[in-house]
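Below, each chain spelled out in residue letters.
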Amino acid sequence: MINLETGVSMTVPDAGEPSGKWEVVYKPDIGVVLNDNPAPWGALELRAFEGVCDMIVEEVSDSTLAEVRRDTEEKRRDYALAGVKEYFILDPSDRHMCFYRLTTDRRYAQIRPDAAGVIRSQVLPGFQFRRTDLLNLPDLEELALDEIYAGYVIPGFLDSVNRAGEAEDRAGKAEGRAKVEAAARRQAEQRAEEAERQMESLKAELSRLRQDRS
């Protein structure tokens with residue numbers, strides 16, 4: 001991943017230029033470069049990437065209309081022509097938030113959420129989210145307990161909670177069994193005491209009968 005401190009130099013095809021292309025340099029908020037990218041990201045101190053990011057994320061700046069247009073129109077056009085596979089535009093106000101995937105003709109099509117409202121990346125398999133969560137910003141612990149985010153938000157946290165819950169369930173079941181066994185023992189002891197009382201009563205009755213006969 002690269003950030004806005006790194007310049008990304010891209011060649012954009014343009015039939016209107018004599019050379020048929022032109023160079024543009026952007027500093028995306030977040031750029032994702034996969035390991036199999038033809039121009040892999042090198043040393044951090046270079047502060048430059050001579051290639052095309054596989055994914056770019058920009059947070060729209062709405063301080064001026066020109067800046068909004070730059071993120072939502074100019075960069076969208078240039079990133080698509082350069083071949084950026086996915087372009088995500090974040091906007092806390094939700095006015096301009098949009099998620100794009102590159103088509104075969106180097107145009108962006110919106111990524112539609114599934115029936116559960118989940119948007120999934122193809123560039124980063126397993127990277128998925130809900131638009132509502134981007135706006136509401138739940139706590140990390142809450143996200144980590146959600147199966148949508150458990151794979152990359154505090155990885156292993158959900159499994160740990162589940163294991164703790166299973167251990168607690170086992171302890172509860174063991175405690176329940178112990179209580180049942182203790183109750184069974186008490187009942188057995190009570191039955192034994194009752195049987196002993198009945199035996200003593202029978203003995204006393206038998207002794208009385210013998211005395212009456214004599």
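Summary of the structure given here.

Thresholds applied
Residues numbered from 1 in each chain as written. Predicted model: local features only at pLDDT ≥ 70, side-chain atom pairs only at ≥ 80, totals over all residues. Heavy atoms only, no water. Pairing = 2+ DSSP bridges. Helix = DSSP H or I, 4+ residues; strand = E, 2+ residues; numbered from the N terminus. Contact = heavy atoms within 4.5 Å. Axes fitted to C-alpha atoms, helices over the stretch in contact; angles between N-to-C directions. Core = buried A, V, L, I, M, F, W, Y, C linked by side-chain atoms within 4.5 Å. Buried < 20%, exposed > 50% of the residue type's maximum accessible area, 1.4 Å probe, protein only. 1 Å grid on protein atoms, 1.4 Å probe; cavity = no way out; pocket = protein on both sides within 12 Å on 5 of 7 lines; lining within 4 Å. Points joined across faces, edges and corners; volume = space filled by probe spheres on them. Nonpolar A, V, L, I, M, F, W, Y, C, P; charged D, E, K, R; others polar.

### Comments concerning the sheet that holds strand β6 (residues 55–59)
Next up, step 1: Pairing is mixed across the open sheet formed by six strands, whose spatial order is β1-β4-β6-β7-β8-β9. In this open sheet, the two strands that pair with only one neighbour each are β1 (2–3) and β9 (108–110).
Next up, step 2: Alignment of strand β4 (residues 30–32) against β6, held across three bridges, turns out to be antiparallel. Across the sheet, the residue bridging to I30 is V57, located in β6.
Next up, step 3: Taken strand by strand, helix α1 (residues 65–82) contacts β6, β7 (86–90), β8 (98–102) and β9, and its axis lies near 165 degrees from that of β7.

### Here we look at the nonpolar core
Next up, step 1: Counting residues in each nonpolar core, the largest one holds 21 residues, and the members touching the most others are M10, C53, Y79, Y87 and Y108.
Next up, step 2: Of all the secondary-structure elements, those providing two or more residues to this core are β2 (7–13), β3 (21–26), α1, β7 and β8.
Next up, step 3: Ranked by the residues each element gives to this core, the list is headed by α1, at four residues.
Next up, step 4: Y87 has contacts with I56, E58, D71, K75, R76, Y79, C98, F99, Y100 and Y108, leaving out every residue within four places of it along the chain.
Next up, step 5: Formed by 17 residues, the second largest nonpolar core is a distinct cluster that contains L34, M55, A144 and I148.

### Section: the layout of surface pockets
Next up, step 1: Here the largest pocket defines a volume of roughly 650 Å³.
Next up, step 2: L90, F127, F129, L134 and Y152 are the residues nearest the centre of the largest pocket, which is lined by 25 residues in total.
Next up, step 3: Among the secondary structure elements, those contributing two or more residues to the lining of the largest pocket are β4, β6, β7, α2 (131–136) and α3 (140–144).
Next up, step 4: Tallied by class, residues from the lining of the largest pocket come to 22 nonpolar, no polar and three charged.
Next up, step 5: A volume near 160 Å³ is recorded for the second largest pocket.
Next up, step 6: Lining the second largest pocket we find R76, R77, A80, L81, Y100, D105, R106, R107 and Y108.

### Description of the pairing of β6
Next up, step 1: Of all the five residues making up β6, four are buried; the element is thus mostly covered by neighbouring parts of the structure.
Next up, step 2: Bridge analysis of β6 against β7 gives five bridges, and the strand direction is parallel. Looking at β7, one finds that E59 is bridged to L90.

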